[in-house]
Amino acid sequence: MELVIAIFIGLLYACGVYLLLRRSIVKLILGVFVISNATNLIIFLSGGVTRSGVSFIGSEAEKASLETMTDPLPQALILTAIVIGLGIAAYILALKYKYFETTGTHDLDQLSKTDQK
Amino acid sequence: MKNLILEKIVTLFLYIMVGFAFFLLFRGHNRPGGGFIAGIIASAGFLLYGIVFGSEKVLEKLRTNPRYIIGSGLLISFIATILPMMFGNPPLTGMWFDVAGLYLGSPLLFDIGVFVLVFGVIVSIFTNIMDVLKWNS
Amino acid sequence: MITALPVFLPLAFMIFALLFRHYHGREYIAVAASGLNVLLSVFLVFKVHQTGMISVQMGDWPAPYGITLIADRFSALMVLVASIVFMAAMAYSVHSLDTRRKSFGFYMFSFGILMGVNGSFLAGDIFNLYVWFEVMLMASFILMSHGGDRNQLEGSIKYLILNLISSFLFVAGIGLLYGKLGTLNMADIAQKLMNFGTMPSELNPAFILIFVGFAIKGALVPFFFWLPASYHTPPPVVTALFAGLLTKVGIYSLIRFYTLFFHQNAEFWQPLVLLVAVLSMVIGVITATSQFEFRKVLSFHIISQVGYVVMGLGFFTVAGLAGAIFFLAHNMISKTNAFLVAGYVHKQKGTLDLKTLGDFYKQHPLWAVFFFISAFSLAGLPPLSGFIGKYLLIKAGIEAEYTIIALIALFVGFFTLFSMVKIWMEVFWKKTPENEEITIKKEQNEIPENVRWMTWASGAMALIIVLAGVFATPVVDYCTQAAQSLINPEEYINFVLKGQ
């Protein structure tokens, strides 16, 4: 299972980098989102994948055994990373909208006013 | 476009979602659940409401600017964070009280703050996006 | 307890700013809050200087499990310098920023930056460090695009994408590291690495990712391109704040990680770090000489001077690290002040193009003195603080038998002097070109006419630069002690894990 997820993460990174290299700003932003999710999956994978193990210690009746218990920390980390990703997604889309409103272009090649001459 | 059935269902749905969010919020005290997920679900209810009625109606329903919701959520969590410091413990230490048979603690206060904060942030994001895109107005 | 307060104070201000929106005199409240922050950090430095290290465990969970906030001498000094820089920027903004930006949350997001910066300096847990980075970055994204000029939007798209990628690399590195070691506490990781003896090669991908993340954040060659493309676009006070705080946090984290983790595999990391340092110094300074815009010249110099700090880190002797710490602190203050002077020039003349400026010394001699102090401190002229920093670094290099690198650093110093003299000649000394009619843009007339707060802020910074140069001995002693505790990470590890 780990191997499948690892290959999938690799694919996501490949897609993300491909999208980052496109000229359209929208695709660039989509690439950032894809890479962000691939990164979240890396954290998920770092705790190991165990089948049917809960990640908390409940009351006596439903107590998780230490052998099958999933590491709870990566899940907390992913939650944090996803929340940060949510905030960034909202901000970056607003920024894109504002940029499009000001300049009327989606083209990254037009972003050359602040470059070095 | 006005659609009576959709409007009624969405209004009903809003109350169900908010009620379920409160259920999850208090369930999160010792079981899976918690402030973050409750905030997401409550704001999803308002999101459906907003899709049907438009963002002004959402703000009318809330009766306040989402900014103040965010601020008060942060304030509640902040109080839960610094409250243990007043008693000489490190910040964020859980403090537990026995209130009339209920075993309550400062983590619940923190979770309520997270709930209010997440709710405010998401409502603020989608009402702003709807305003900009002139959705349903 | 005091360790957590530099994080909570900005948060309290942000809550206040969120809840009380229509409040007049918010700039004075912001200045007062930043002054309180300076007092707090002075207290923190005193406390740390007495005991060596203080820490607080969030939620009272013991060390490898809970989140640690720890202040040793190095991070306490950084918190102090960051709070001074921040207070100067806040005071400066009173009379340099238009009311529209002020009323749309400039102060709130500035305190967000302060919170992130203080948190990153104090974090003792790598995921917590990432979270503070994100707090700082979110606030800085907003300030970068705040106001919505076309140039600003372009600059912030570049800044945003590259910094996000650096965050992703960093957090991917954290994920891999956690998968291999099963801990996130910095002291615990260092302890485990020491127990391994030789560094296991499975950890290299994680550390490479983390290093690249920090290098992008700290604008080291070859990852610096976002910095000169974006730093000259926002209002001057925002640039000053960013130049003083943001890249330095990346470098601080690099120093922390290098001393705790990377150095245990020194034969791989030391040549790499020195190579990156030399390239940053040389490329930064050479590209700076070809610029003809005030703030762009200074932006490229950030890259070059960050290289000096990393060079001191690469020597990895007590003297080298002490020089690096001193230089980092000096650079935060001098660089910010140079940008503050650029802001004043912009306010008076409406442009920062070196070719069209002139006669500034005749018209504003006081500000010429401020620029002289900060720019020639950056170039390393005695008796200013930059001279002490460069002297310590180059001496440490020669003592550690990296003579060629020390010589390169010396030559880079000459080039720095050259471009500072260029700004001095073009802006302050030469006559204004006859045919170039300078017009102050009319849209800026929302900015107050008064300059009193600007003068106070910049003057105080210039005074600090001179004092840090003239009375350098106690500061250098403090930095040496900080370097000693950095070079022996056992002290840090034992303090966090065993409370000793």
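The residue numbers shown here count from 1 along each chain, following its written sequence. Whichever chain is written first is A, and whichever ligand is written first is 1; the rest continue in order. Only residues with pLDDT of at least 70 are given local features in this predicted model, and only at 80 or more are side-chain atom pairs given and counted; all residues enter the totals for whole chains, interfaces and linings. Note that the side-chain values use all heavy atoms of the structure and ignore hydrogens as well as water.

Q: Outline the overall build of chain A, supporting the account with residue identities and numerical values.
A: A run of H or I in DSSP counts as a helix once it spans at least four residues, and a run of E counts as a strand once it spans at least two, with each numbered from the N terminus. Across its full length, chain A holds 3 helices and 0 strands. Along chain A, helices and strands appear, N-terminal first, in the series α-α-α. Partitioning the intrachain contacts of chain A with sequence separation of at least 6 by distance along the chain shows that 58% fall at a separation of at least 24. Per-residue and other accessible areas were derived by the Shrake-Rupley procedure at a 1.4 Å probe size, with only the shown protein chains allowed to occlude residues. Accessible surface computed for chain A: about 6700 Å², of which carbon and sulfur atoms make up 67%. Contacts are assigned to residue pairs with any non-hydrogen atoms lying within 4.5 Å of each other.

Q: Lay out the UniProt feature "transmembrane region" (unreviewed entry) in chain A with the relevant residues and their values.
A: Residues and elements named next belong to chain A. UniProt positions are given in the numbering used here, feature names are shortened, and annotations may be inferred rather than shown by experiment. In the numbering used here, UniProt assigns the feature "transmembrane region" (unreviewed entry) to residues 6–21, 28–49 and 76–95. Overall, residues 6–21 shows 94% helix and 0% strand. The separation of its end C-alpha atoms is 23 Å. Here residues 28–49 is 86% helix and 0% strand, with 31 Å between the C-alpha atoms at its ends.

Q: Can you lay out the pattern of salt bridges for me, pointing to particular residues and giving the numbers?
A: A pair is scored as a salt bridge if a Lys or Arg side-chain nitrogen falls within 4 Å of a carboxyl oxygen belonging to Asp or Glu. If you walk through the whole model with that rule in mind, you get 10 salt bridges over all chains. A salt bridge links A:Asp107 to A:Arg23, with the nearest nitrogen and oxygen atoms 2.4 Å apart. Pair noted here: A:Asp107 is in the segment after α3 (73–103) and A:Arg23 is in the loop between α1 (2–20) and α2 (25–46), with a separation of 84 residues, a long-range link. Summary of the burial criterion: residues with accessible area below 20% of their type's maximum are buried, those above 50% are exposed, and those between are partly exposed, where the area comes from a 1.4 Å probe applied to protein chains only. Take A:Asp107: its relative accessible area is 17%, and that puts it in the buried class. According to the relative accessible area criterion, A:Arg23 is partly exposed, its value standing at 49%. The partner of C:Glu154 in a salt bridge is C:Arg150, and the shortest N-O contact between them spans 3.3 Å. Of the two residues, C:Glu154 and C:Arg150 both sit in helix α7 (residues 150–181), 4 residues apart, roughly one turn of that helix. The exposure class assigned to C:Arg150 is partly exposed, which follows from its relative accessible area of 30%.

Q: A description of the interface of chain A and chain C should follow, citing residues and the corresponding values.
A: If you look at the interface, chain A gives 33 residues, while chain C gives 35 residues. Together chain A and chain C conceal approximately 3100 Å² of surface at their shared face, both sides included; 76% is due to carbon and sulfur atoms. Our count for the chain A to chain C interface comes out at 0 salt bridges. Residues adjacent in sequence count toward polar contacts only when both atoms are side-chain atoms; beyond that, a polar contact is any pair of N or O atoms within 3.5 Å, and within protein one must be able to donate a hydrogen and the other to accept it. Joining chain A to chain C, the criterion identifies 3 residue pairs in polar contact (both at pLDDT 80 or more). Those elements that provide at least two residues to the side of chain A that touches chain C are α1, α2 and α3 of chain A. Considering every element that reaches the side of chain A that touches chain C, the biggest residue donor is α3(A), with 14 residues. We define buried area as the total accessible area lost by two parts upon association, computed with a 1.4 Å probe and summed across both.

Q: Summarise the side chain of B:Ser55; cite the residues concerned and give the values.
A: All names here are of chain B. Inspection of the secondary structure assignment puts Ser55 in helix α3 (residues 55–62). Residue class for Ser55 comes out buried when judged on its relative accessible area of 2%. Apart from residues lying up to four places away in sequence, Ser55 is in contact with Gly50, Thr127, Met130 and Asp131.

Q: How would you explain a nonpolar patch on the surface if you had to name every residue and give the values?
A: Residues and elements named next belong to chain B. Here the term patch refers to residues with relative accessible area over 30% and no salt bridge, with like charges joined within 9 Å and nonpolar side chains (Val, Leu, Ile, Met, Phe, Trp, Tyr) within 5 Å. Where nonpolar side chains cluster on the molecular surface, the patch consists of Leu4, Ile5, Ile9, Leu12, Phe13, Ile16, Leu47, Leu48, Ile51 and Trp135 and spans about 950 Å² of accessible area. It is helix α1 (residues 4–27) that provides the largest number of residues to the nonpolar patch, a total of 6 residues. Tracing the chain through its elements places Leu47 in helix α2 (residues 35–53). You can call Leu47 partly exposed: its relative accessible area is 33%.

Q: Quick rundown of the nonpolar core? Include the residues and the values.
A: We define a nonpolar core as any set of buried Ala, Val, Leu, Ile, Met, Phe, Trp, Tyr and Cys residues linked to one another through side-chain atoms lying within 4.5 Å. Residues C:Phe207, C:Tyr231, C:Phe257, C:Phe261 and C:Phe294 are the most contacted members of the largest nonpolar core, which totals 228 residues. Top element by residues in this core is helix α14 (residues 318–349) of chain C. It accounts for 17 residues. Sequence-distant contacts of C:Tyr231, that is, excluding residues within four places in its chain, are made with C:Met144, C:Tyr159, C:Trp226, C:Thr239, C:Phe242, C:Ala243, C:Leu246, C:Thr247, C:Arg295, C:Ser299 and C:Ile302. Grouped together as the second largest cluster of nonpolar side chains are 24 residues, B:Leu14, B:Leu24, B:Leu62 and B:Val118 included.

Q: Would you mind going over the interface of chain B and chain C in detail, with residue names and values included?
A: Taken together, the contact pairs 18 residues of chain B with 17 residues of chain C. Across the chain B/chain C interface, buried area totals approximately 1600 Å², and carbon plus sulfur atoms make up 76% of it. Sorting the residues of chain B by area buried against chain C places B:Arg67, B:Tyr68 and B:Phe78 first, and these three jointly supply 35% of that buried surface. Counting across the chain B and chain C interface gives 0 salt bridges.

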